[in-house]
Amino acid sequence: MSRPIRRISIVLGLLLIALIANVTVIQVVLAGDYRDRPGNQRVLLEEYDRERGPILVGSNPVARSVETGDTLTYLREYDNGPMYAPVTGFYSLIYGATGLERTENRVLTGSSPLFVVDRAEQLFAGRDPQGGAVTTTLNARAQRAAFNGLKGKKGGVVAIEPATGRILASVQSPSFDPNILSSHDPNSIRQYYATLESDPAKPLLNRPIVSLNPPGSTFKIVTAAAALASGRFTPDTVLPGPRAYNLPNSTNKIRNWNGQACGPNNLVTLRQAIAISCNTAFAWLGNELGAEALRAQAQLMGFDNSFQIPLRAATSRFPEDPDAPQTAMSAIGQFDVRATALQMAMVAAAVGNNGTLMEPYLVQEVRGPDLSILQTTQPKVFAESMTPLDAVQMTEMMVNVVDNGTGSNARIEGVRVAGKTGTAQTGNDNPAVAWFIAFAPAQSPEVAVAVMVEDAGAPEVSGNQLAAPIARSVLEAVLR
Amino acid sequence: MPDDLLAVGLPGILAVTDTAKRSTARRQPTRRNAELLMLIFAWGIGVLGTLQVGWAIGRDPDAGLWITSGVVGALALIMHGVVRLRAPYADPILLPAATLLTILGLVMIYRLDVAAARRAELNDNPLPTPDVYSQLTWFTVAVILFASVLILLRDHRVLQRYTYTLGLVGLILLVLPLAPVIGTTVNGATLWIRIGGFSFQPAEIAKILLTIFFAGYLVEKRDSLALVRTKVLGLGLPRLKDLGPLVVAWLVSLAVLIFQRDLGTSLLFFGLFVAMLYIATQRRSWLVIGGALFMGGAVLAYYMFGHVRLRVMVWLDPWTYATDEGYQIVQSLFGLANGGILGAGIGQGFPNLVPFASTDFIVAALGEEIGVTGLIALLLVYAILVERGLRAAIAVRDSFGQLLAAGLSITLGLQVFVIVGGVTRLIPLTGLTTPFLSYGGSSLIANWILIALLLRISDRARRPDSEVLSPDDALTQVVRRT
């Protein structure tokens, strides 16, 4: 009977091979797919089981994990949650993670390749893996100033260090409390999330980097930069600045905000046109330069580019193929020009940094669980947006805006501030968007800022009234 | 046979060699010391595993751990002593392999106890009774029965005399859960009896009794069962009247499936019977007929019974049923995936997320924490057990012993395939225990009796002709050769 027994043993051997092949497929080949499947609590539990690293502003954690007595070992806590929400995001059982919590997840959980050495140590020591820390570029004072300034308004503020591209502040209003979304109570998470979702003011929207609005007159800085770059214009070049500019091939006109001509004999210098935000002169200038020149300048300043800071910012746009009247409208930041507060802060930063635009970034350092620095972000040049000479001239003109023009509310005692107001119509019925961009000290700026207030609903001066004071307090917070 | 210890690789498993048979004529080393060494190794793995659970939860090894480890070690030594005295020529690998599996099961059950206690603590519930101590108690009972079998049963051929009695008892045990009062339905399957405070799964014992019955019966009838009347397509078909026993086995299997809703046991019995029929008669036609009946039964069951259909649907697409009927298998797959190549480490995964992790799904729990590497090693330990059993079957000289050893080994192999295949979604899931690993007394006891019988047969197979049957003499007659 040994022959059939041997045959049976071969069959059993084949069954064994089938089992081995099958578990190998599951545990090696398909393991990644299974891990990513919805409903796989293990990945989440594993994350909650580890001490997630903190997100730091300076040396203070604004997001950190604290031990609980609950099934999920660690709870995420945020100091000044709503203030830092657009940067930290939240870390939710139900809705996943957003903000730096999402983009820096591998660092925070300690699974980034940067931690190979630590992981090996932990493995051999049998210790629980610990997450690394993320140090942001934020300046706590600037963040607080912007947050307080925006209170009760709808909008966003971004402040940048012009020489490096470090983002010093990124604030939204209205905001939300990440503590509730990151709690361990599914019901309160769901309830709060539903409230936020149904709020028409959209508190979950990361306004400073995602909300796109026509930049209005702040875009005149881009148009003026294109004018200087063309070599045909200097700050003293005289431009036509009548009460109304007849749009080419159209019966529509562009008017100035006060309904007056910009200067005697309907003439105005470029310097003065910027100072008083003369629409007709810039509309004319836009058509003189052409859409191509405007777009080229806009792109050098960051338009049509999607930035990851590492949060993904919305792409600011210059219209694709505008005709002559549309070009004139675009030159004053209307028509289909759309920009984020981040983008407009970059425009100010580019001017302030002698024309060199640095790539904006939020993560200064990645630190290991023992707080040793594992990675430091090196500033990177995005583009030479302007020649240094043009930048100096532009700076002078922007200082003039604050000292003698529409930007009076941004003045700071003893500091030369360069700025530009803006007010944009977002449509016929929609209320206006008030803007202010600025940098200071003008000669070698430490900070550039863009303030965007949506639903401003006010007349032409709202840029100076609503946005400039916020910009000033952010500038002061950094310079103090 | 100096290569005895080494011949455990895959080729050895696939093709059983009969070197054992040839060498019985020569003076046979007993290799009991090798067995002892391997037992110590198995015990050491258990201690390390237990320590690792402690490290993972930050608890230092306490007295309880050492006492438990000591008890397990003592039980292993008792078994080794009994084998030394009563089955000195028995295969040296069977005992350590089965012990290793039992110990791994204990470690896993302890680890799941820890998880359950932790959860209860967090939810402020009363602490659940740990399973590991009752499993340890069952192991003690299993060791007593193991020793009894080896001490009382000097020669396996004695069993042949009770072929029909044991067959009848086996059949009764099989249908016992259907009896009123004592029969209990757990999770939809009626395979438990409850007497007093104890519940028992009689099918586990029936498995062994029926294997003995099949062996005795087939030895008796194999000549007529092997008769060929007609040939169809080169396949010799048996006489129609000889189909009787197979049809009866088929009907009993179907009855188990229908009335007890126990897919696994049903599959196991029928598969076992067909395989033994084939071995006894050497007629492949029985495999063909058996296969056809199995297919018929499977199709029938699929269309007639909702629970069978559901099992198949869940098997084909567990993701659709991920939150209800497929929850278990999906969690099992997630666990295995979490384990990956090297495993999460004992005590560091989440095996408690799989319902019934300590019984049906203990392989998933182990797969998560020891990884595919550990799981394959585990499967190979089973393969070694089965291969050693089949080797004993080939080596022993009496037909009853051959059939019995083969049958017992095949049961073991099939059971492992059916449950591990089910848990890893190779085949539809059926509720069977994982031999030696799963939490549960009936399974542990039955499988240890199975090992005792295999040891008895292999001792017989390897015993030199000159050796007197008295095992007491054997101790003094051991002559070591190198």
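Residues numbered from 1 in each chain as written. Chains lettered and ligands numbered in written order. Predicted model: local features only at pLDDT ≥ 70, side-chain atom pairs only at ≥ 80, totals over all residues.

### Examining the overall build of chain A
Let me state the cut-off plainly: Only DSSP runs of H or I covering at least 4 residues are called helices, and only runs of E covering at least 2 are called strands; the numbering of each starts at the N terminus. Exposed residues have 12 or fewer other C-beta atoms within 10 Å of their own C-beta, buried residues have 20 or more, and residues in between are partly exposed; the C-beta atoms are placed from the backbone. Each residue is represented by a C-beta atom placed from its backbone, and any two residues with such atoms within 7 Å are regarded as in contact.
Along chain A, the regular secondary structure elements total 19 helices and 19 strands. Across the 480 residues of chain A, 54% fall into the buried class. Here the contacts in chain A between residues at least 6 apart in sequence split such that 68% fall between residues at least 24 apart.

### Some points on the overall build of chain B
When helices and strands are counted, chain B shows 18 helices and five strands. Here chain B holds 482 residues, and the buried ones make up 52% of them. Put simply, 72% of the contacts in chain B that link residues at least 6 apart link residues at least 24 apart.

### Overview of the packing of helix 8 (residues 140-150) of chain A against helix 19 (residues 462-479) of chain A
All names here are of chain A. Cut-off, in case you're wondering: All axes are obtained by fitting lines to C-alpha atoms, using only the stretch in contact for helices, and the reported angles, taken between N-to-C directions, cover 0 to 180 degrees. Angles are sorted into four bins: roughly parallel if under 35 degrees, roughly antiparallel if over 145, roughly perpendicular if 65 to 115, and oblique for all others. Less than a right angle of anticlockwise turn of the near helix away from the far helix marks a crossing as left-handed, whereas a clockwise turn marks it as right-handed. For this scheme, ten residues count as nonpolar: Ala, Val, Leu, Ile, Met, Phe, Trp, Tyr, Cys and Pro. Four count as charged, namely Asp, Glu, Lys and Arg, and the remainder, Gly too, count as polar.
Taken N-terminus to C-terminus, the directions of helix 8 and helix 19 make an angle of 160°; their axes are 8 Å apart at the nearest point. When the axes of helix 8 and helix 19 are compared, the pair comes out roughly antiparallel. Judged by the sense of rotation from one axis to the other, the crossing of helix 8 with helix 19 is right-handed. Residues Arg141, Ala142, Ala145, Ala146, Gly149 and Leu150 of helix 8 form the contact with helix 19, whose own contacting residues are Pro469, Ile470, Ser473, Val474, Ala477 and Val478. Its residues placed into classes, the contact of helix 8 with helix 19 shows nine nonpolar, two polar and one charged.

### What to know about the interface of chain B and chain A
Residue-level contacts link 45 residues of chain B with 35 residues of chain A. Looking at the side of chain B that touches chain A, the elements with two or more residues in it are helix 1 (10-14), helix 5 (94-122), helix 11 (263-281), helix 14 (327-339), helix 15 (362-395) and helix 16 (399-423) of chain B. Residue contributions to the side of chain B that touches chain A peak at 12 residues, all from helix 15 of chain B. Looking at side-chain class alone, the side of chain B that touches chain A contains 31 nonpolar, 11 polar and three charged residues.

### Re unusual backbone geometry
Cis peptide bonds are those with omega within 30 degrees of zero, and the linkage from Ser173 of chain A to Pro174 of chain A qualifies with 0°. Topologically, Pro174 of chain A is positioned in the loop between strand 8 (167-173) and helix 9 (178-181). Omega for the bond connecting Ile309 of chain A with Pro310 of chain A falls within 30 degrees of zero, at 0°, which places this linkage in the cis form. In this structure, Arg425 of chain B takes a positive phi of about 60° despite not being glycine. Looking at where Arg425 of chain B falls in the secondary structure, it is placed in the loop between helix 16 and helix 17 (441-462).

### Re the sheet that holds strand 17 (residues 418-425) of chain A
All names here are of chain A. Applicable threshold: In this description, strands pair whenever DSSP reports at least two bridges between them.
Taken in spatial order, the five strands of this open sheet run 8-7-19-18-17, and their pairing is antiparallel. Edge strands, defined here as strands with exactly one partner in the open sheet, are strand 8 and strand 17. Geometrically, the sheet is characterised by an average inter-axis angle of 10° between neighbouring strands, direction not taken into account. Where helix 8 meets the sheet, its contacts fall on strand 7 (154-160) and strand 8, and the angle it forms with strand 8 comes to roughly 25°.

### Focus on the sheet that holds strand 1 (residues 55-57) of chain A
Residues and elements named next belong to chain A. With mixed pairing, the six strands of this open sheet are ordered in space as 3-2-1-6-14-15. Looking at strand neighbours, the two that pair on one side only are strand 3 (74-78) and strand 15 (373-376), the edges of this open sheet. Averaged over all neighbouring strand pairs, the angle between strand axes comes to 25°, with direction disregarded. Inspection of the sheet shows strand 1 paired to strand 2 (residues 60-67) by three bridges, in the antiparallel sense. Looking across to strand 2, one finds that Ile55 is bridged to Ala63.

### Structural notes on helix 15 of chain B
To keep it simple, the criterion reads: A helix's residues, less one, multiplied by 1.5 Å, set its expected span. Note on bend: the value at a residue is the angle between axes fitted to the seven residues ending there and to the seven starting there.
Taking 1.5 Å of rise per residue, 34 residues should cover 50 Å, yet helix 15 of chain B covers just 34 Å from first to last C-alpha, more than 12% shy of that figure. Considering bend angle alone, the principal kink of helix 15 of chain B is centred on Gly371 of chain B and spans about 125°.

### Things to note about the packing of helix 8 (residues 163-175) of chain B against helix 9 (residues 202-225) of chain B
Residues and elements named next belong to chain B. Following both chains from N to C, one finds helix 8 and helix 9 inclined at 150°, their axes separated by 8 Å at the closest point. It follows from the interaxial angle that helix 8 and helix 9 lie roughly antiparallel. Crossing handedness for the pair helix 8 and helix 9: left-handed. Between helix 8 and helix 9, the residues in contact are Thr163, Leu166, Gly167, Val169, Gly170, Leu173 and Leu174 and Pro202, Ala203, Ile205, Ala206, Leu209, Leu210, Ile212, Phe213, Gly216 and Tyr217, respectively. A per-class count over the contact of helix 8 with helix 9 returns 13 nonpolar, four polar and no charged.

### Regarding the environment of Gly110 of chain A
Along the chain, Gly110 of chain A falls in the loop between helix 6 (105-109) and helix 7 (116-125). When the C-alpha positions of Gly110 of chain A and Gly132 of chain A are compared, they lie 5.5 Å apart, and in sequence the two are 22 residues distant.

### Examining the confidence of the model for chain B
All names here are of chain B. Just so we agree on the cut-off: Confidence scores per residue from the predictor, reported as pLDDT, run from 0 to 100.
For chain B, mean pLDDT is 85; residues scoring 70 or higher make up 87% of the total. Counting contacts from residues 1-25, a segment whose pLDDT is below 50, to residues more than four positions away or on other chains yields 37 contacts. The model gives residues 470-482 a pLDDT under 50, and that stretch makes 14 contacts with residues more than four places away or in other chains. For this predicted complex, the interface confidence comes out at an ipTM of 0.88, alongside a pTM of 0.66.

### Structural notes on helix 19 of chain A
Residues and elements named next belong to chain A. For helix 19, spanning 18 residues, the distance from its first C-alpha to its last is 25 Å, which sits close to the expected 26 Å at 1.5 Å a residue. Along helix 19, the helix axis deviates most sharply at Ala468, where the bend reaches about 40°; the proline Pro469 sits within four residues downstream. The buried fraction of helix 19 is high, at 14 of 18 residues.

### Quick look at the environment of Val381 of chain A
Residue and element names in this part refer to chain A. Position of Val381 relative to the elements: it lies in strand 16 (residues 381-384). Owing to 11 C-beta atoms within 10 Å, Val381 belongs among the exposed residues under this scheme. C-alpha of Val381 to C-alpha of Gly165: the two residues are 216 residues apart in sequence and 8.5 Å apart in space. Apart from residues no more than four positions distant in its own chain, Val381 is found in contact with Thr356 and Met358.

### Quick notes on the environment of Pro245 of chain B
Locating Pro245 of chain B in the fold gives a position in helix 10 (residues 244-260). It is 9.8 Å that separates the C-alpha atoms of Pro245 of chain B and Leu277 of chain B, two residues lying 32 residues apart in sequence.

### Section: the pairing of strand 14 (residues 363-367) of chain A
Residue and element names in this part refer to chain A. With four of five residues buried, strand 14 lies mostly within the body of the structure. Across four bridges, the pairing between strand 6 (residues 133-136) and strand 14 is antiparallel. Across the sheet, Thr136 pairs through a bridge with Val363, a residue of strand 14. With three bridges joining them, strand 14 and strand 15 adopt antiparallel strand pairing. By the bridge assignment for strand 15, Val366 is matched with Gln375. Taken together, strand 14 and the strand that follows it, strand 15, pair antiparallel across an intervening segment of five residues, in which Leu371 is found at a positive phi of about 70°.

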